[in-house]
Amino acid sequence: MQTAYLIAEIVVIPLSGWLTRVFSTRWLFAASAAGFTVTSLLCALAWNIESMIVFRALQGLLGASMIPTMFTSSFYFFQGPRRVYSAAVVGTIASLAPVLGPVIGGWITDTWNWHWLFYVNLVPGIVVTILATLLIRMDEPDWTLLKDADYPGIALMAVALSTLEYVLEEGARWNWFDDATIRHCAWIAAIAGVLFIIRSLTFARPVVDLRALKNRNFAVGCVLSFVTGIGIFSTIYLTPLFLGYVRGYSAWQIGLAIVSTGAASLIGVPVYVLLARKFDTRWLMMFGLALFGVSMWAYSYITSDWSGGELLIPQILRGFPQVFAVAPAVNLGLGSLPAECLKYASGLFNMMRNLGGAVGIAVCGAILNTRTNFHFNGIAYHLTPANGAMTRMVDGIAQRYGALPGSPDAGHVAALKELWHLAYREASTLAFADAFHAIMVAFIAATLLVPLLRNATAVKASALASH
């Protein structure tokens, strides 16, 4: 169900720039908000898993343009130094929503039922649609672009991104390339991706202009956006998973345990805005990425006894610098492009963050699978009769359960099951620590890339075209 949504979303996001020019910012955003609202209602009314998959795919397809359009609009309405502040607010809102989702969603699920996860979108969706229609005045639609559009390029991009997203989302579940469907989709994604790149670089009017990557700030910004996507979405994936499977928390308890991340993110915004007035945003970005990496290092000391209290400091260290990592990448990456390139580039920039999230979650899922087995074998190797502590534990459990009516071997069987669950829990916890270590390495690399950014104002269109 989630894969269907993400596939549809990641295909449309890079097309948002071209769609904005065709339909105008006003009508594209309004239509996207309306489509998301209507499909939310359909999801709430879904009668089986198949209908839910279809409606979620439609929701991703119709609602995907809102975030890149929001970034473009913020750059249009806020010029000069005010872009620093708008990027901070917009970037934080876009990144904070996935953090608050488990909190609000957990409370709604436990208090009412899952249908209300979609019903709550209706009133805000209607309000946003009406306000967007009445208030947004930026540009006019250009329907002539439909005539000469690069439809082969659109098809190649859709095939490449959709099959790649499927591989990343479903690979761990089907043991990666041992599954024929995963293998075939990987080959299709690679071939279609190469053909799409060639087409985009040789066609005069591509719907996704990869030539913007010739701008160094934008190229490095895309890489940093990719890494921040890994960090934001992977930790949102890992932390609730640990609390649910290892600690046995309910949805509401998970939400309460991770709410400190969202609170720290909100506190970070005014601090960033204050410091951005006095310091080079590149240094602020290095601070944000480095502190995010430190938080992953703090997470890597996780044990099976950790709960909200133990997670508090790592989550504050992860939430507070989020705006420091996201906002400068937006401002330095997109802000260095001429206005005519901004609409096309915004979709590509946002796609990199979402793609980073998909890659991060896939890699973390693979780490959890492989490293859990690795650590379990390592733990099981030491669980022999020579291990006195294990023997005493097994004997104690066997004696306790053996006193109950039933088979005389029931106590011993129960003790072995308890030992297995204990070993698996500890192996899973060690695998979570390995996943956090991997994210930390990605942020160390990202921190070292920041000096490549130039603290430049918008590049002239003619300079970019001359590349």
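Along each chain, numbering runs from 1 in the same order as the chain's sequence is written. Only residues with pLDDT of at least 70 get local features here, since the model is predicted, and only at 80 or more are side-chain atom pairs given and counted; chain-wide, interface and lining totals rely on the full set of residues. Hydrogen atoms and water are omitted, and side-chain values are computed over all heavy atoms in the structure.

## A short note on the overall build of the protein
Quick reminder of the rule: Working definition: helices are DSSP H or I runs of at least four residues, strands are E runs of at least two. Numbering for both runs from the N terminus. Think of it in three bands: with a 1.4 Å probe and only protein chains considered, a residue is buried below 20% of the maximum accessible area for its type, exposed above 50%, and partly exposed in between. Per-residue and other accessible areas were derived by the Shrake-Rupley procedure at a 1.4 Å probe size, with only the shown protein chains allowed to occlude residues.
Looking only at helices and strands, the protein features 19 helices and 0 strands. A buried classification covers 51% of the 467 residues belonging to the protein. With an accessible surface of roughly 21800 Å², the protein has 70% of that area assigned to carbon and sulfur atoms.

## A closer look at the confidence of the model for the protein
Spelled out, the test is: Along the chain, pLDDT gives the predictor's confidence residue by residue, from 0 to 100. It only takes one pair of heavy atoms within 4.5 Å for two residues to be counted as in contact.
Considering every residue of the protein, the mean pLDDT works out to 80; 88% of them sit at 70 or more. Mean pLDDT values over the elements of the protein span from 39, in helix 19 (residues 461-465), up to 90, in helix 13 (residues 281-299). Note that pLDDT drops below 50 for residues 458-467; the model gives that stretch 16 contacts with residues more than four away or on any other chain.

## Describing the packing of helix 1 (residues 2-12) against helix 9 (residues 151-170)
Basically, it comes down to this: Axis definition: a line fitted to C-alpha atoms, limited for helices to the stretch in contact. Angles are taken between N-to-C directions and run from 0 to 180 degrees. If you view the pair so one helix is near and one far, a crossing is left-handed when the near helix is turned anticlockwise from the far one by less than a right angle, and right-handed when it is turned clockwise. Residues were grouped as follows: Ala, Val, Leu, Ile, Met, Phe, Trp, Tyr, Cys and Pro as nonpolar; Asp, Glu, Lys and Arg as charged; and all remaining residues, including Gly, as polar.
It is the contact of helix 1 with helix 9, at a shortest axis distance of 9 Å, that shows an interaxial angle of 145 degrees. Regarding helix 1 and helix 9, the two cross each other, and that crossing is right-handed. Within the contact between the two elements, helix 1 uses Thr3, Leu6, Ile7, Ile10 and Val11 and helix 9 uses Met157, Ala158, Leu161, Ser162, Glu165, Tyr166, Glu169 and Glu170. Along the lines of polarity and charge, the residues of the contact of helix 1 with helix 9 split into 8 nonpolar, 2 polar and 3 charged.

## Notes on helix 13
Our working definition: Helix span, as expected, comes to 1.5 Å for every residue beyond the first.
Relative to the 27 Å expected for 19 residues at 1.5 Å per residue, helix 13 spans 27 Å between its end C-alpha atoms, a close match to the ideal helical length. Considered for burial, the residues of helix 13 that qualify are Thr281, Leu284, Met285, Gly288, Leu289, Leu291, Phe292, Gly293, Ser295, Met296, Ala298 and Tyr299.

## Considerations on the side chain of Ser234
Which entries qualify depends on this criterion: In protein, a polar contact means a hydrogen-donor-capable atom and an acceptor-capable atom, both N or O and within 3.5 Å, with residues adjacent in sequence counting only if both atoms are side-chain atoms; elsewhere, any N or O pair within 3.5 Å suffices.
Relative to the assigned elements, Ser234 resides in helix 11 (residues 216-246). Ser234 gets classed as buried once you look at its relative accessible area, which sits at 0%. Looking at Ser234, its side chain comes within polar contact range of the main-chain oxygen of Gly360, at 3.4 Å. Apart from residues no more than four positions distant in its own chain, Ser234 is found in contact with Gly229, Gly360, Ile361, Cys364 and Ile439.

## Notes on the packing of helix 11 against helix 15 (residues 322-334)
Here is the rule we go by: Small angles under 35 degrees read as roughly parallel and large ones over 145 as roughly antiparallel, with 65 to 115 read as roughly perpendicular and the rest as oblique.
Look at helix 11 against helix 15: their axes get within 8 Å of each other, and the N-to-C directions meet at 155 degrees. Here helix 15 runs roughly antiparallel to helix 11, going by the angle between their axes. As helix 11 runs across helix 15, the sense of the crossing is left-handed. Contact residues: helix 11 offers Asn217, Phe218, Gly221, Thr228 and Ile232, while helix 15 offers Gln322, Ala325, Val326, Ala329, Leu332, Gly333 and Leu334. For the contact of helix 11 with helix 15, the class distribution of residues is 7 nonpolar, 5 polar and no charged.

## Observations concerning the pattern of salt bridges
Put simply, the test is: The rule for a salt bridge is simple: a side-chain nitrogen of Lys or Arg has to be within 4 Å of a carboxyl oxygen of Asp or Glu.
Under the counting rule described, the total for this entry stands at 4 salt bridges. The closest approach of N and O atoms between Asp434 and Arg371, which form a salt bridge, is 2.8 Å. Remark: Arg371 occurs in helix 16 (residues 339-381) and Asp434 occurs in helix 18 (residues 410-449); sequence separation between them is 63 residues. The exposure class of Arg371 is partly exposed, given its relative accessible area of 30%. The closest approach of N and O atoms between Glu426 and Arg425, which form a salt bridge, is 2.8 Å. For Arg425, a relative accessible area of 32% puts it in the partly exposed group.

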